[in-house]
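An overview of the molecular structure
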Amino acid sequence: MSAFEHVIALWSFVYILANRKGIKMRARKIICCAVGAMLAATAAGADEISLVSNLLGPEGPLYVDGNLYYVGWVSHTLSKWDGKTTTVLNHTPGCGHNGLALTKRKTFLLACTEQHGAILELDMTGKQLRRWDADENGKPFDGGINDIVVTANGGAYATVFGPYKDLPTSVAGKIVYLAPGSEKWVEVADDLNYANGIGISPDQKTLYVSETVGNCILKFEINDDGSLSNRSNFALLNLLTPNKVESWWIGPDSMKVDSKGNIYVAQWFGGKVLKISPDGKLLHIFEIAAGDGTTNVAFAEGEKELYVTVVKDPKDPQAKGSIVKIANVK
């Protein structure tokens, strides 16, 4: 029996008890109100399970072969949770671990989101195999790499966030591309308003990119050579759901795309994950009770459940947070 079912049973029992002779009206009201509050609280949290807590800057969740991998941009770590135990696999000071993607070779591409960004390739144990600090022209990843996605043919796209300023006046975000078999990242898009999350449609024809400050998700057509064209607006988050607070940084954070082409977008400062259809319609809002700083999402086996990385208070410089598991919806 679930916790919710237990409270339902308790409610029924107390309701019968409270209506028996000998219990005064005031006592009945107190009992019913107390159990009603328990019922509401259980309903609100029944589907959200906390898995890993006390994290510093949780991001980049990936569920691989029964293990949950995740990073911390404040702790500069890559970790693995096997369902019982957490193991730190990589600690690279000055990296600011953020986006995480699995390659076809079963290695990780890791986004370093510190000001002078980098992309690391790590094996499954966390050992560094390669590091990129600039694109093919020697241009540094100024502002840091935020997120990475791997294509079906083994290529990869990554977002360059842009120089962070408390008042974000620059529009300097970029997208870089690593072709299959190549050793150099090539710039394929620029002038993004703080490029963040990135995802690809199942047919490999559309690339989605979050503009955090623009509160917007863009889409591009992916050409055969990996270049991008036909840039357009895909979704404005404040038109899909009211802003929880007013902030430059409330826009979309990282994202994942499921096998049906639906996009799951974490909303920083929003405390929620939005499920959006391929034609831009809002399908569902997952309200996350663990905190207001939702950063990313990963799929469990069969996409039946979601792992969500969340910071309790987005204004906390230590970005203390956790990973929770919630049920997906059809």
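For the structure, see preceding data.
Residues numbered from 1 in each chain as written. Predicted model: local features only at pLDDT ≥ 70, side-chain atom pairs only at ≥ 80, totals over all residues. Heavy atoms only, no water.

**Structural notes on the state of the cysteines**
Two cysteines, two sulfur atoms, one covalent bond between them: this is a disulfide. Summed over all chains, the structure comprises one disulfide. Shown here is the disulfide that connects Cys95 with Cys112, its sulfur atoms set 2.1 Å apart. Taking the sign of the S-S torsion, about -95° here, the bridge from Cys95 to Cys112 comes out left-handed. Taken together, the residues span a long stretch of sequence, with Cys95 in the loop between strand S5 (86-91) and strand S6 (97-102) and Cys112 in strand S7 (residues 108-112) at a distance of 17 residues. (Disulfide = S-S within 2.5 Å. Helix = DSSP H or I, 4+ residues; strand = E, 2+ residues; numbered from the N terminus.)

**Describing the sheet that holds strand S20 (residues 263-267)**
Read across the sheet, four strands follow the order S19-S20-S21-S22 without closing on themselves; strand pairing throughout is antiparallel. Both outer strands of the open sheet, strand S19 (252-257) and strand S22 (282-287), are each paired with one neighbouring strand and no more. Within the sheet, the average angular offset between the axes of one strand and its neighbour, ignoring direction, is 20°. When S20 meets strand S21 (residues 272-276), the two strands line up antiparallel, connected through five bridges. Its bridge partner being in S21, Gln267 is matched across the sheet by Lys272. (Pairing = 2+ DSSP bridges. Axes fitted to C-alpha atoms, helices over the stretch in contact; angles between N-to-C directions.)

**Brief notes about the packing of aromatic side chains**
Inspection of the entire model under this criterion finds 13 aromatic pairs. Residues Tyr264 and Phe299 carry aromatic rings whose centres are separated by 5.1 Å and whose planes lie at 80° to one another, so their mutual orientation is edge-to-face. Taken together, the residues Tyr264 in strand S20 and Phe299 in strand S23 (residues 293-299) connect sequence positions 35 residues apart. Like Phe299, Tyr264 is buried. By way of ring pairs, the aromatic residues Phe161, Tyr164, Tyr194 and Trp249 are connected into one cluster. (Phe/Tyr/Trp six-rings, centres within 6.5 Å; stacked < 30°, edge-to-face > 60°. Buried < 20%, exposed > 50% of the residue type's maximum accessible area, 1.4 Å probe, protein only.)

**A few points about the environment of Val257**
Residue position: Val257 is located in strand S19. Val257 has contacts with Gly199, Ile200, Ser201, Pro202, Tyr208, Asn262, Ile263 and Phe299, leaving out every residue within four places of it along the chain. (Contact = heavy atoms within 4.5 Å.)

**Considerations on the sheet that holds strand S2 (residues 58-64)**
Pairing in this open sheet of four strands is antiparallel, and the strands run S2-S3-S4-S5 from one edge to the other. With one partner strand each, in any of the chains shown, S2 and S5 form the two edges of the open sheet. Sheet twist, expressed as the mean angle between neighbouring strand axes with direction ignored, is 20°. For S2 and strand S3 (residues 67-72), the ladder comprises five bridges, and the chain directions are antiparallel. Its bridge partner being in S3, Tyr63 is matched across the sheet by Leu68.

**Digging into the side chain of Glu48**
In this structure, Glu48 sits in strand S1 (residues 48-56). Put simply, Glu48 is tucked away with no salt bridge, and the nearest opposite charge, on Lys312, sits 9.5 Å away. Here Ala289 takes part through its backbone nitrogen, which lies 2.9 Å from a polar atom of the side chain of Glu48. Here Ala290 takes part through its backbone nitrogen, which lies 3.0 Å from a polar atom of the side chain of Glu48. For Glu48, the residues in contact, after removing those within four places along its chain, are Glu287, Ile288, Ala289, Ala290, Val324, Lys325 and Ile326. (Lys, Arg positive; Asp, Glu negative; His and termini not counted. Salt bridge = Lys/Arg side-chain N within 4 Å of Asp/Glu carboxyl O. Polar contact = N/O pair within 3.5 Å; in protein donor to acceptor, adjacent residues only side chain to side chain.)

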